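# Examination of the molecular architecture
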Amino acid sequence: MLLHGLWDKPRLFDPLEAMLRSRCPKLELFIPHLPHGVGQVPIRTLAAELAERITARFGHDAELDLMGFSMGGVVARTWLQEWRGHQRTRRFVSLGSPQQGTLAAQSVPSALLPGIADMKVGSPLLRDLRRQGYLLAKLRCHSLYTPTDLTVVPGWRAVLPYGSRQALPVFSHRQLIRDPRALEPLAELLLRD
C-alpha cells in the first residue's frame, strides 16, 4: 500500500509504480486517494478513513506492507498505532515523513489547518504517537529521508523511533519520490523479502 502526502494524489506514485511492476509484474498495489483538504482534515480523521478503505479492500486479516510519503507517512503511522494496524503489517516504510514534526508547520494555526498543525514539532498527535511508539517495535520499520529537506525541517526529523534510517542522495522533498537516485533504493527496499 502506498500513501500520498499533502497536496498530492495517487498519480504521484506513477514512476515508482512503473518501477515496481517492471520488477514484479504480479505485485498487488493499493494506492488510495485520501483528500487532505489542503491541510484542513486532521490526520486522525484521515487515518480513520484509511482504516475503512483497508477493511473494504483487504478484510480484517490480510497482512500488509505499507509505505507513506510525507504527510502520508504520519497518516500511516497513526493507522498503525491507533487502529491496530501494527497487528497486520509486516513492513512500514516512511519516506520524507515528519515523524518528529517539522519546523515548517510551527506557525500554522490549528483552527484553520489542523492537518498541517498535527505535524508541528511537539503537536498533541505526535506526542501521543511517541508515547505509543513501542507498537512499532515488532515491525520492519525503515525511514528514508534527505538531510536537506525544506518541507521536513530539519531533514533528520523524518525518522521513526525504530528500524533502519537511510539518507538518500537527493536535495529536495519532491526528489524523494521522483528522482531515480531515491526511487531505486526505495523500490529495492519495498520488494525485499
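## Points about the environment of Ile-177
Position of Ile-177 among the secondary structure elements: in helix 6 (residues 175-178). For Ile-177, a relative accessible area of 0% corresponds to the buried category. Separated by 164 residues in the primary sequence, Ile-177 and Phe-13 place their C-alpha atoms 7.3 Å from one another.

## Overview of the sheet that holds strand 3 (residues 89-95)
If you walk across this open sheet you meet the five strands as 1-2-3-4-5, and the pairing is parallel. Each edge of the open sheet is held by one strand with a lone partner, namely strand 1 (2-3) and strand 5 (164-167). Of the strands in this sheet, strand 1, strand 2 (64-69) and strand 3 are in contact with helix 3 (residues 71-82), which crosses strand 2 at around 140°.

## A few points about the packing of helix 2 (residues 43-58) against helix 3
Where helix 2 contacts helix 3, the axes come no closer than 8 Å and their chain directions differ by 70°. The orientation of helix 2 with respect to helix 3, classified from their angle, is roughly perpendicular. Classified by chirality, the crossing of helix 3 by helix 2 is right-handed. Contacts between helix 2 and helix 3 involve Ile-43, Arg-44, Leu-46, Ala-47, Leu-50, Ala-51 and Ile-54 from the former and Met-71, Val-74, Val-75, Ala-76, Thr-78, Trp-79 and Glu-82 from the latter. When the residues that make up the contact of helix 2 with helix 3 are grouped by side-chain class, the tally is eleven nonpolar, one polar and two charged.

The rules behind each value
Residues numbered from 1 in each chain as written. Predicted model: local features only at pLDDT ≥ 70, side-chain atom pairs only at ≥ 80, totals over all residues. Heavy atoms only, no water. Helix = DSSP H or I, 4+ residues; strand = E, 2+ residues; numbered from the N terminus. Buried < 20%, exposed > 50% of the residue type's maximum accessible area, 1.4 Å probe, protein only. Pairing = 2+ DSSP bridges. Contact = heavy atoms within 4.5 Å. Axes fitted to C-alpha atoms, helices over the stretch in contact; angles between N-to-C directions. Parallel < 35°, antiparallel > 145°, perpendicular 65-115°, else oblique. Left-handed = near helix turned anticlockwise from the far one by under 90°. Nonpolar A, V, L, I, M, F, W, Y, C, P; charged D, E, K, R; others polar.

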